[in-house]
Number of protein chains: 2
Amino acid sequence: MIPHDVHLQIGSLLFDGVDQIDLTGPFEVLSRIPNSTYRIYGKTSGAVRDVRGLRLMPDGALADAPPLDVLHVPGGFGQEALMEDTEVLGWIRQQAAGACRIFSVCTGALLCGAAGLLKGRRATTHWASFHLLPFFGATPVNERVVVDGSYVFAAGVTAGIDGALRLAAELRGDDAARSIQLYMAYAPEPPFDSGTPETAPPAVVAQARQAMSAMTARREDTARRLAARLGVAVPG
Amino acid sequence: MIPHDVHLQIGSLLFDGVDQIDLTGPFEVLSRIPNSTYRIYGKTSGAVRDVRGLRLMPDGALADAPPLDVLHVPGGFGQEALMEDTEVLGWIRQQAAGACRIFSVCTGALLCGAAGLLKGRRATTHWASFHLLPFFGATPVNERVVVDGSYVFAAGVTAGIDGALRLAAELRGDDAARSIQLYMAYAPEPPFDSGTPETAPPAVVAQARQAMSAMTARREDTARRLAARLGVAVPG
């Protein structure tokens, strides 16, 4: 339980090839948490492009970040290029060591894994990378938001909104989270029941897996290499 | 019905004080619509700040936009400063005249109203501005997504995600929308039932209305002034 009168430093990692809504979904919540300062940090202080081209600017570079109370790590295809980036992984590891909450969205969980933070944890990530969690020593849990101690893992992409609201409630109480949810008019009405591989039409799932197969194969190669380095015994 | 083999030009308006998720929620969908080009246009080609400080960069200035097939108008407190901006309103009016779909999110509907586009339409907007729609000649409909002819209106903030998926289905068929929804893992699980004034706790609603009261009063003054100019008979 974090006292509500303690000011919180909240920070998100931003990188080229982030999936922008992994950042901007939580932004809507994190930027409204009472008694907090929220900033976004990139490898440099320059603009980056998200995986579909949206140009976003960080508030500063990694080195500009104060010790964070809440660390947010988004995902997106660009995560793969950072899986052996000692600067970024070192920053995540160092910030996570001092933070009271670490919040990953989507394949941000793989970055946390590469930083050695997932060993022995229950975790989740995007459905297309879910099977890779054991390579980092984690137990995959097929839920939209998984809380394990100081860690909050949101599954794919838009799950970051749900995860951020859970986090807001943990940090500042249920009514603070309800108030943000009301402002955001977050009473979703998806037009289809197609948000998970279990509910989407099989042909749509097959096509999506196919479209992501090269990326998934690259991620698996990397995960296998990192597992050896992390000393994780890989199943199968 | 728009033939799926016709390439679509899709464009979003970006402005200072936009509520970023009014843009970035739909971005996740609009940037993945098959056979389309999607770009973001600002008053200038420089970076803007969203209402909570996120810095976003447009792909070009208003004058750089081609004739759009789909025009997306987000909202946010910064909308108020554009309600009598002849350049922006003229751009919206001109693009809307040639577009096959006009898609407003949140108080983007008020910008469409100021451009004279809401007369006689069924429309919706953020709950805090819902009562202002008649000043622009519209009939308010308390639904999350309202479709009226070529217009798609999403209610507050995160409703833009639902609206964009509806739009994707209209433009490219249900399976195209389902495929995007699966990628986005959009199977929301809000932690509370607090996304509308009807469902949030009364104390939370009262506090939210209070926090927005000055903004709402300014918007009402503007709406009243514009109603006179638009020749709309204001009820009451």
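Rules behind the numbers
- Residues numbered from 1 in each chain as written.
- Chains lettered and ligands numbered in written order.
- Predicted model: local features only at pLDDT ≥ 70, side-chain atom pairs only at ≥ 80, totals over all residues.
- Heavy atoms only, no water.
- Helix = DSSP H or I, 4+ residues; strand = E, 2+ residues; numbered from the N terminus.
- Expected span 1.5 Å × (residues − 1).
- Buried < 20%, exposed > 50% of the residue type's maximum accessible area, 1.4 Å probe, protein only.
- Arc of directions from axis to C-beta.
- Contact = heavy atoms within 4.5 Å.
- UniProt positions renumbered as here; feature names shortened; annotations may be inferred.
- Axes fitted to C-alpha atoms, helices over the stretch in contact; angles between N-to-C directions.
- Left-handed = near helix turned anticlockwise from the far one by under 90°.
- Nonpolar A, V, L, I, M, F, W, Y, C, P; charged D, E, K, R; others polar.
- Buried area = accessible area lost by both parts, 1.4 Å probe.
- Salt bridge = Lys/Arg side-chain N within 4 Å of Asp/Glu carboxyl O.
- Least-squares fit on C-alpha atoms with pLDDT ≥ 70 in both.
- Core = buried A, V, L, I, M, F, W, Y, C linked by side-chain atoms within 4.5 Å.
- Lys, Arg positive; Asp, Glu negative; His and termini not counted.
- Polar contact = N/O pair within 3.5 Å; in protein donor to acceptor, adjacent residues only side chain to side chain.
- Pairing = 2+ DSSP bridges.

If you look chain A up in an unreviewed UniProt entry, it shows as DJ-1/PfpI family protein from Bradyrhizobium jicamae.

> Got a minute to help me understand helix 7 (residues 213-230) of chain A in this structure?
Residues spaced three or four apart along an α-helix point in a common direction, a consequence of the helix completing one turn every 3.6 residues. Residues and elements named next belong to chain A. Given a rise of 1.5 Å per residue, 18 residues ought to cover 26 Å, and the 25 Å separating the end C-alpha atoms of helix 7 matches this to within 8%. Inspection of helix 7 places M215, T216, R219, T222, A223, L226, A227 and L230 among the buried residues, and these make up the whole buried set. Summarising the axial view, the buried residues of helix 7 lie within an arc of 145°, below the 170-degree limit, and thus occupy one face. Away from its buried face by more than 90 degrees, helix 7 exposes D221 and A228. Lining the buried residues of helix 7 we find helix 3 (108-114). Of the residues flanking the end of helix 7, it is G231, one or two places downstream, whose phi is positive at about 75°.

> Looking at this structure, I do not really get the UniProt feature "domain: DJ-1/PfpI" (unreviewed entry) in chain A. What am I missing?
The sites that UniProt annotates as "domain: DJ-1/PfpI" (unreviewed entry) are residues 13-167 of chain A. This span, residues 13-167 of chain A, is 26% helix and 24% strand, and a straight line between its end C-alpha atoms measures 17 Å.

> Looking at this structure, how should I read the packing of helix 4 (residues 159-172) of chain B against helix 5 (residues 174-183) of chain B?
Relative placement of two packed helices is described by the angle separating their axes and the distance separating the axes. Residues and elements named next belong to chain B. As a packed pair, helix 4 and helix 5 sit with axes 6 Å apart at the nearest point and diverge in direction by 140°. In terms of crossing hand, the pair formed by helix 4 and helix 5 is right-handed. Where helix 4 abuts helix 5, its residues L165, A168, A169 and R172 lie against D174, A176, A177, I180 and Q181. Within the contact of helix 4 with helix 5, the residues separate by chemical class into six nonpolar, one polar and two charged.

> Hey, could you run me through the interface of chain B and chain A in this one?
For an interface, size is often stated in terms of accessible area lost upon the parts coming together. On the side of chain A, 64 residues touch chain B, which itself brings 64 residues to the contact. Approximately 5300 Å² of surface area, both sides summed, lies buried where chain B meets chain A, with 63% of it carried by carbon and sulfur atoms. Applying the counting rule to chain B against chain A returns two salt bridges. Ionic pairing is found between A:R32 and B:D19, a salt bridge with its closest N-O pair at 3.6 Å.

> Whenever I open this one, the relation of the copies chain B and chain A confuses me. Can you help?
Mapping one chain copy onto the other needs a rotation about an axis and a shift along that axis. Between the two copies, chain B and chain A, the superposition gives an RMSD of 0.0 Å; the rotation angle is 180° and the shift along the axis is 0.0 Å. Seen this way, the second copy is the image of the first under a two-fold rotation axis. Ranked by how close their C-alpha atoms come to the rotation axis, the residues of chain B are headed by B:L56, at 2.4 Å. The residues that chain B uses at the interface reappear at the interface of chain A in 100% of cases, marking a shared surface.

> In this structure, what is going on with the nonpolar core? I would like to understand it.
Looking at soluble globular proteins, one finds that nonpolar side chains tend to be buried together. Counting residues in hydrophobic clusters, the biggest one holds 176 residues, and the most contacted among them are A:I92 and B:I92. Non-local contacts of A:I92, meaning those with residues more than four positions away in its chain, are made with A:L13, A:L71, A:V73, A:L111, A:A115 and A:L117.

> Can you help me understand the pattern of salt bridges in this one?
Pairs may arise between side chains of opposite charge once their charged atoms sit close together. Residue and element names in this part refer to chain A. Counting across every chain of the model gives 22 salt bridges over all chains. A salt bridge links D85 to K43; the shortest N-O distance between them is 2.5 Å. On the criterion of sequence distance, the pair formed by D85 in the loop between strand 6 (70-73) and helix 2 (86-98) and K43 in the loop between strand 2 (36-42) and strand 3 (48-49) is long-range, its members being 42 residues apart. Using a relative accessible area of 13% as the deciding quantity, one classes D85 as buried. In this structure, the salt-bridge partner of R229 is E84, at a minimum N-O distance of 2.7 Å. Residue R229 is located in helix 7, and its partner E84 is located in the loop between strand 6 and helix 2; the two are separated by 145 residues in the primary sequence.

> Mind showing me how you'd approach the side chain of B:R172 here?
Residue and element names in this part refer to chain B. Mapped onto the fold, R172 is located in helix 4. One buried charged side chain, R172, makes no salt bridge at all; its nearest oppositely charged neighbour is D5, positioned 6.7 Å away. Polar contacts involving the side chain of R172 include one to the main-chain carbonyl oxygen of P34, which spans 2.9 Å. With residues near it in sequence (within four places) discarded, R172 still touches I2, P3, H4, V6, H7, L8, I33, P34 and N35.

> I would appreciate a short explanation of the sheet that holds strand 11 (residues 151-154) of chain B in the present structure.
Hydrogen bonds along the backbone pair up the strands of a sheet, which may run parallel or antiparallel. Residue and element names in this part refer to chain B. Spatially, the seven strands line up as an open sheet ordered 5-2-1-6-7-11-10, and their pairing is mixed. In the strand order of this sheet, the two ends are held by strand 5 (60-61) and strand 10 (145-148), each with one partner. In the packing of helix 1 (residues 20-30) onto the sheet, the strands contacted are strand 1 (8-14), strand 2 (36-42), strand 6 (70-73) and strand 7 (101-105), and the crossing angle to strand 2 comes to about 165°. This element, helix 4, spans strand 1, strand 6, strand 7, strand 10 and strand 11 of the sheet and lies at about 170° to strand 7.

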